[in-house]
Amino acid sequence: MSIKHLLIAVLIICAVGMAVVIILYRIQHNRSRHLTAMMPSEKNHDLRKRWQAWHYQTLQQSYMVAMKVPLLGSYVLRIRKRLTSIHAYEEWELRRRTMAVTWMIIGILGGSIVILMIRNPDPLFFIMLCIAAVVLNSMFIEAYAGRLERRLLRQMVDLLADVRHHYHRHGMVDESLYEASEYAAPEIALHANLIVEALTDQHPEERLEQYYETAPNRFLKAFAGISGMVMEYGDKVRQDGSMYLRGLSNLTKEIHLEILRRDKLDYLLKSLNIIVLVPIFFTNPIEQWARSNFPAMDDFYTSKLGFIARIFIFILILISYLLLQKLQTYDETTYRAGKDYRSWEQALLKWKWFSKIVFLASAGENPLHKYRLDKLLNDVNARITVEWLQVRRLVLCILCFVVTLSAGMILHHQSKEMILYAPVKNDMLFGSMSIDEQKNAQELADLDRQIMLSVGLSSQVTYEQIAIQVNNSGKFRDQEQINTTTDRILLKLKAYDSEYFRWWELLIALMMALIAYQVPVWMLYFQKKARSMDMKHEVYQFHTVISMLSGMDRMSVEVILEWMNRFAVIFKLPLQKCLLHYEHGPEDALEQLKDEVSFPEFGKLVDKLHLAVDKIPIPQAFDDLESDMSYYFEQRRQEYEKMIETKATWGKMIGFTPMYALIFLYLVLPLIGMSFSQMEVYYDQIQKI
């Protein structure tokens, strides 16, 4: 059975299975509608509950079965890990949503691959479809998780409004939060109940620390921390109102700003992920159209240059997608304290022989270069070490070298096969060959291959030897046809003999390996450039946090640093180091923090904290924040718009690059080259007249 027939069978089985599911669903739906008219509302409600229970139980059982399948279990765990930050406390709901996303993605992508492969059963096209499926899978998961995160933020806005309302009535944090959770949406109500349990626990600080480690976003951390601080130290009423209510107002503003930023970025950048993948599905239609209308284009698409152009477009698609992911990432829940980060780099370093290779490869590097790499990893908040980065670079270098060498050898073999078996083309520029012309072209190719094999594929044979064999074949009677066939066979023999591995191909492989060795570092620099637009806004968020904390009684610089650490994403690692060294010397720890982060606005903030350690009180060190908060907020809104416009410009440029490359490298430039070559052929024919 051929691959095409096997794919058709798989598609039929999937279609029959889906049809059975739809029919059963429709029968059940019609029965429920019929019973709805016959039954009272209570029985209708019971029927709906039974249907939901069946659906819920099916997903739970499929989760247990999927976890026992090796590859499917790993895939389910990956989706579960992405959704854990949102449903960390609901095991059964987490399993249900995980399996719903899993079956939806597998059904859509699997069915699409089968349908496309039936139309074009090409191994290279299948590989490209698999890579496209991996990219689309990641995009679907991130889109679903992002939608849940935004919904949680919107629910939190409503929760804060209800807490404010009940706090005006009771003046008690736990009571207000408990009453607000009763009318809140299920997702945010779960977090509200957890915060209430932590606040009313015998050891509230420990319970709050446990909640900080698993909270899905920094706003819930801040809300839990503010509520805990007011519960412990009491609220302070100033001229502008309650400190607790004022903190809730500032927190609500931050959430609104975050929702607007995410919505606008998603609106401008999400569609670009699809645009990046479009060239994968249009390479074959463009190639078929060009071949059917311009027969001379076959020489390009079947040549090494055409194969290289396709591979280049494919690599460009992958790079563009990775860059778009770096632009769109929020890094909100990537770090979880207390959990070890294990990676394949760490596993490779356990092999002694491989660790020695890594050591030898990086032994000649300048120590200053290693220091810069370590600083670069800290700037992008990467959860890897310099050694792991070196492993990644070395593995990518070796893989690129091997793949480039293999691709060169495969291209030489493919070119030899094309020389032997490709039909002989005529000088037609437009249109397509008829059936008789195609048959004649294949017969000429068979004759050429037979004569070439008879002379041992040697390019040292003379013109007379080839001419004698062409004449003995009895295919031609005209001397001009014999001469033309002889010249064509000699050209094929020379071309066949020239298909061997050359020294400059090894040089190209080494250059590609060196480029691949630098790619991880270049990606880190790109990520740092993208993050530099977010650094200033994170400092503004620190200002908002400090403005809420500076008015509290018994506030210290260490507590402010702890709060900044909870809110931080980009500056998280330097703040953690500062907190670890704070007990050994606050001033030295703050100086080290300032030295590690080379950002002016953050340095000014650290200077104020340095003054507040032992020279002036905290309210005096940050007395200008109160008057500047409204200015900072408006400035943040404007800079958010600029940042979004900048990211949108970068995203459009990156997203449309593969499409431009497909049009120009795979269609326009080959057409121009074909036109010039045909002009030379016609010019030679005119001269012979």
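Quick caveat: nothing in here was measured; it's all calculated off a predicted structure. (Residues numbered from 1 in each chain as written. Predicted model: local features only at pLDDT ≥ 70, side-chain atom pairs only at ≥ 80, totals over all residues. Heavy atoms only, no water.)

Colleague: So what's going on with the overall build of the protein? Residues and values would help.
Modeller: Across its full length, the protein carries 26 helices and two strands. Within the protein, the proportion of its 689 residues that are buried is 45%. Counting only contacts in the protein whose residues sit at least 6 apart along the sequence, the fraction spanning at least 24 positions is 75%. As presented, the protein carries roughly 37,800 Å² of accessible surface, and 61% of it is formed by carbon and sulfur atoms. (Helix = DSSP H or I, 4+ residues; strand = E, 2+ residues; numbered from the N terminus. Buried < 20%, exposed > 50% of the residue type's maximum accessible area, 1.4 Å probe, protein only. Contact = heavy atoms within 4.5 Å. Areas by Shrake-Rupley, 256 points an atom, 1.4 Å probe, with all protein chains shown as cover.)

Colleague: Describe in detail the packing of aromatic side chains, supporting the description with residues and values.
Modeller: Remark: the centre distance and the inter-plane angle together describe each pair of aromatic rings, the angle taken between the planes. Enumeration over the complete set of coordinates arrives at eight aromatic pairs. A centroid spacing of 5.0 Å and a plane angle of 55° characterise the contact between Y167 and Y244, whose relative ring orientation is tilted. Of this pair, Y167 sits in helix α5 (residues 123-170) while Y244 sits in helix α10 (residues 243-293); the two residues are 77 residues apart in sequence, bridging distant segments of the chain. One exposure class covers both Y167 and Y244, and it is buried. Ring plane angle 65° and centroid distance 6.4 Å describe the contact between F300 and Y666, whose orientation is recorded as edge-to-face. (Phe/Tyr/Trp six-rings, centres within 6.5 Å; stacked < 30°, edge-to-face > 60°.)

Colleague: A description of the environment of K492 should follow, citing residues and the corresponding values.
Modeller: Its place among the elements puts K492 in helix α19 (residues 479-497). Among the residues examined, K492 registers a relative accessible area of 13% and is labelled buried. Each C-alpha atom, one on K492 and one on L457, is 9.3 Å from the other, the two residues being 35 residues apart in sequence. Once residues within four sequence positions are removed from consideration, K492 is found in contact with I419, A422, V424, A445, D448 and M452. Polar side-chain contacts of K492 include one of 3.1 Å to the side chain of D448. (Polar contact = N/O pair within 3.5 Å; in protein donor to acceptor, adjacent residues only side chain to side chain.)

Colleague: Describe the confidence of the model for the protein, listing the residues and the values that go with them.
Modeller: The predicted model of the protein has a mean per-residue pLDDT of 77, with 83% of residues at 70 or higher. Highest mean pLDDT in the protein belongs to helix α6 (residues 173-182) (88); lowest belongs to helix α1 (residues 3-38) (48). Here residues 31-44 is a poorly scored stretch, pLDDT under 50, and it has three contacts once near neighbours within four places are set aside; other chains count. This stretch, residues 331-341, has a pLDDT under 50; its non-local contacts, to residues over four places away or in other chains, come to 24 contacts. (pLDDT = per-residue confidence, 0-100.)

Colleague: Just give me the short version of the side chain of R80, but keep the residues and values in it.
Modeller: Relative to the elements of secondary structure, R80 occurs in helix α3 (residues 70-84). Ignoring any residue separated from it by four or fewer positions in sequence, one finds R80 in contact with Y63, E91, L94, R95 and T98.

Colleague: Give a description of the environment of S675 that names residues and reports values.
Modeller: Mapped onto the secondary structure, S675 falls in helix α26 (residues 624-688). We classify S675 as partly exposed; its relative accessible area is 33%. For the pair S675 and F294, spaced 381 residues apart in the sequence, the C-alpha separation amounts to 10.0 Å.

Colleague: Summarise the packing of helix α23 (residues 586-596) against helix α24 (residues 600-614); cite the residues concerned and give the values.
Modeller: One can describe the packing of α23 onto α24 by two numbers: an axis separation of 10 Å at closest approach and a directional angle of 175°. One element, α23, and the other, α24, form an angle in the roughly antiparallel class. The residues of α24 that touch α23, namely those facing P586, E587, L590, E591, L593 and K594, are F602, G603, V606, D607, L609, H610, V613 and D614. (Axes fitted to C-alpha atoms, helices over the stretch in contact; angles between N-to-C directions. Parallel < 35°, antiparallel > 145°, perpendicular 65-115°, else oblique.)

Colleague: So what's going on with a negative patch on the surface? Which residues, and what values?
Modeller: Where like charges cluster on the molecular surface, the negative patch consists of E587, D588, E591, D595 and D614. Along the polypeptide, D614 turns up in helix α24. The class of D614 is exposed, set by a relative accessible area of 51%. (Patch = residues over 30% accessible without salt bridge, like charges linked within 9 Å, V, L, I, M, F, W, Y side chains within 5 Å. Salt bridge = Lys/Arg side-chain N within 4 Å of Asp/Glu carboxyl O. Lys, Arg positive; Asp, Glu negative; His and termini not counted. Charge placed at Lys NZ, Arg CZ, Asp CG, Glu CD.)

Colleague: I'd like a description of the nonpolar core, backed by residues and values.
Modeller: With 73 residues, the main nonpolar core has F223, Y244, L561, M564, F571 and F602 as its most contacted residues. Dropping the residues within four chain positions of it, L561 is found in contact with L575, C578, L579, Y582, L590, L593 and L609. Of all hydrophobic cores here, the second largest spans 57 residues; its members include V101, M117, V135 and I280. (Core = buried A, V, L, I, M, F, W, Y, C linked by side-chain atoms within 4.5 Å.)

Colleague: Tell me about the pattern of salt bridges, and name the residues and values.
Modeller: Under the defined criterion, the tally for this structure stands at 17 salt bridges. Taking the shortest distance from any N to any O, the salt bridge between D263 and R150 comes out at 3.4 Å. Residue D263 is found in helix α10, and its partner R150 is found in helix α5; the two are separated by 113 residues along the sequence. Of the charged contacts in the structure, one is a salt bridge between D266 and R150, with a shortest N-O distance of 2.2 Å. Remark: R150 occurs in helix α5 and D266 occurs in helix α10; sequence separation between them is 116 residues. The class for D266 is buried, based on a relative accessible area of 13%. According to the relative accessible area criterion, R150 is buried, its value standing at 16%. Through salt bridges with shared partners, one network takes in E149, R218, E258, R261 and R262.

Colleague: Account for the packing of helix α9 (residues 218-233) against α10, with residues named and values stated.
Modeller: Relative orientation of the contacting elements α9 and α10 amounts to 180°, with a least axis distance of 11 Å. Taken together, the axes of α9 and α10 lie roughly antiparallel to each other. Where α9 approaches α10, its residues R218, F219, A222, F223, I226, S227 and V230 are matched on the opposing element by Y244, G247, L248, L251, E254, I255 and E258. Considering only residue class, the contact of α9 with α10 consists of nine nonpolar, two polar and three charged. (Nonpolar A, V, L, I, M, F, W, Y, C, P; charged D, E, K, R; others polar.)

Colleague: Mind laying out the state of the cysteines, listing which residues take part and the relevant values?
Modeller: For the coordinates displayed, the defined rule picks out zero disulfides. With no disulfide partner, C400 has as its closest neighbouring cysteine sulfur the one in C397, 7.4 Å distant. Here C400 falls in the buried class, since its relative accessible area comes to 17%. (Disulfide = S-S within 2.5 Å.)

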